[in-house]
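# Structural overview for review
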Amino acid sequence: EAEYQRAMQRRAIRDAKTPEKMKQVKPVVDDSLTLQGKKDKIKSNLQRLAELGKVHPENRYQDLINDIAKVYTNKHKQLFCEGLRLKEQPHQCFNVMHLCAAQDIRNQRRYRQRRKAELVKLQQTNSALNSKTNFYNMQIDSYNQYIKTCMDNLASKGKLSKKPGDSKAKKSKQVSQKYTAARLHEKGVLISIDDLQPNQYKNAIFEISPSETVGVFDVKAKFMGVHLETLPLEYQDLLQLQYEGVAVMKLFDKATVNVNLLIFLLNKKFYGK
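Owing to the predicted nature of the structure, the values given are computational and were not obtained by experimental measurement. (Residues numbered from 1 in each chain as written. Predicted model: local features only at pLDDT ≥ 70, side-chain atom pairs only at ≥ 80, totals over all residues. Heavy atoms only, no water.)

## A short note on the overall build of the chain
Along the backbone of the chain there are 8 helices and 10 strands. In the chain, which comprises 273 residues, the share counted as buried stands at 23%. Surface summary for the chain: the accessible area is close to 19900 Å², and the carbon and sulfur share equals 54%. (Helix = DSSP H or I, 4+ residues; strand = E, 2+ residues; numbered from the N terminus. Buried < 20%, exposed > 50% of the residue type's maximum accessible area, 1.4 Å probe, protein only. Areas by Shrake-Rupley, 256 points an atom, 1.4 Å probe, with all protein chains shown as cover.)

## Focus: the sheet that holds strand β4 (residues 190-193)
In spatial order, the strands read β4-β10-β9; together these 3 strands make up an open sheet with antiparallel pairing. Looking at strand neighbours, the two that pair on one side only are β4 and β9 (248-251), the edges of this open sheet. Taken over all neighbouring pairs, the strand axes of this sheet differ in orientation by 25° on average, direction set aside. As defined by bridge partners, β4 adjoins strand β10 (residues 255-258) across 3 bridges and the pair is classed as antiparallel. Within β10, the residue paired with S192 across the bridge is T256. Helix α8 (residues 259-270) rests against β9 and β10 of the sheet, and its axis sits at about 75° to β10. (Pairing = 2+ DSSP bridges. Axes fitted to C-alpha atoms, helices over the stretch in contact; angles between N-to-C directions. Contact = heavy atoms within 4.5 Å.)

## Re the packing of aromatic side chains
Taken as a whole, this structure holds 3 aromatic pairs when the rule is applied. Between F217 and F270, the aromatic rings sit 5.0 Å apart at their centres with planes inclined by 55°, giving tilted as the arrangement. Residue F217 is found in strand β6 (residues 216-223), and its partner F270 is found in helix α8; the two are separated by 53 residues along the sequence. (Phe/Tyr/Trp six-rings, centres within 6.5 Å; stacked < 30°, edge-to-face > 60°.)

## Observations regarding the side chain of N267
For N267, the location among the structural elements is in helix α8. Engagement of the side chain of N267 in a polar contact is seen with the side chain of Y235, the distance being 2.5 Å. (Polar contact = N/O pair within 3.5 Å; in protein donor to acceptor, adjacent residues only side chain to side chain.)

## Some words on the side chain of S209
Residue placement: S209 occurs in strand β5 (residues 204-210). Accessibility expressed as a relative area gives 13% for S209, which makes it buried. Not counting the four nearest positions on each side in its chain, S209 is found in contact with S176, F217, D218 and F270.

## Some details on helix α2 (residues 35-51)
Compared with the 24 Å implied by 1.5 Å per residue over 17 residues, the 25 Å span of α2 between its first and last C-alpha is a close match. Positive phi appears at G53, one or two residues downstream of α2, with a value of about 80°. (Expected span 1.5 Å × (residues − 1).)

## A short note on the nonpolar core
By size, the foremost hydrophobic cluster in this structure holds 31 residues, and its most contacted members are L190, I193, F206, L233 and L266. Elements supplying a minimum of two residues to this core: α6 (181-187), β4, β5, β6, α7 (235-243), β9, β10 and α8. In terms of residue count, α8 provides more of this core than any other element does, 6 residues in total. What F206 contacts, discounting residues up to four positions off in sequence, is Q177, K178, Y179, A181, L184, L190, I193, K220, A221, F223, F252 and A255. (Core = buried A, V, L, I, M, F, W, Y, C linked by side-chain atoms within 4.5 Å.)

## Side note on unusual backbone geometry
Not every positive phi belongs to a glycine, and D195 is a case in point at roughly 70°. By the element assignment, D195 lies in the loop between β4 and β5. Residue class for D195 comes out exposed when judged on its relative accessible area of 72%. We note that F252 has phi near 60°; this positive angle belongs to a residue other than glycine. Structurally, the position occupied by F252 is in the loop between β9 and β10.

Spelled out as structure tokens, the structure:
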């Protein structure tokens with residue numbers, strides 16, 4: 001309602017600045033009515049016109065809108081030409097805006113049809129994308145299941161080993177593996193340890209053992225007699241780093257190790273490769 005009052009004030013100011021030759025004949029309008037009052041009056045008049053058969057609510061009064069737009073367009077074409085003749089540049093812009101608005105009113109049905117067609121296309125595209133998403137999610141589930149099966153097979157292969165002629169299988173490959181940092185450094189698995197010199201590596205101990213979760217190892221470390229928290233190391237993460245071409249990684253934020261040689265060590269000691 002406040003915005004309506006401001007619009008009425010702007011129209012009054014604009015009409016006061018309009019030259020006499022360009023002023024329209026003012027329609028009989030009761031400006032004392034509020035915005036809601038004018039809405040109610042319009043509804044009442046539309047209902048009366050519908051009873052007389054002049055308008056049709058079924059098509060949302062499209063015929064009436066077209067007639068208003070035609071009158072509006074023709075009137076403002078005359079004003080536009082008059083504005084050109086009087087060389088009133090501000091009013092030319094104002095009239096052009098009105099012409100564009102009138103064209104929009106006349107073409108609103110066409111716009112609605114176009115938007116409806118575009119909405120149908122968007123819905124079809126969205127449906128196709130959802131179908132592809134479901135397909136790829138199923139593929140991911142299949143790949144994850146396949147990887148889990150492979151990891152289970154690797155774990156079961158390393159749990160028991162049989163020598164030819166042995167009647168009983170004995171445990172192997174699944175016990176904890178302890179190494180000094182010096183030994184891992186000789187193997188090339190360990191590259192360096194922050195704040196430690198190579199001659200101090202004999203005082204650093206690493207222990208690697210399989211956890212309850214398949215494909216996850218618990219890594220313990222003791223540096224200069226200080227025990228560090230157990231670090232879970234996922235075999236799949238190492239494979240991902242290897243696939244991405246990452247050569248080295250950090251353990252405990254202190255020890256730099258060679259990814260490829262660490263994978264080789266785990267395969268040899270725990271997976272029987």
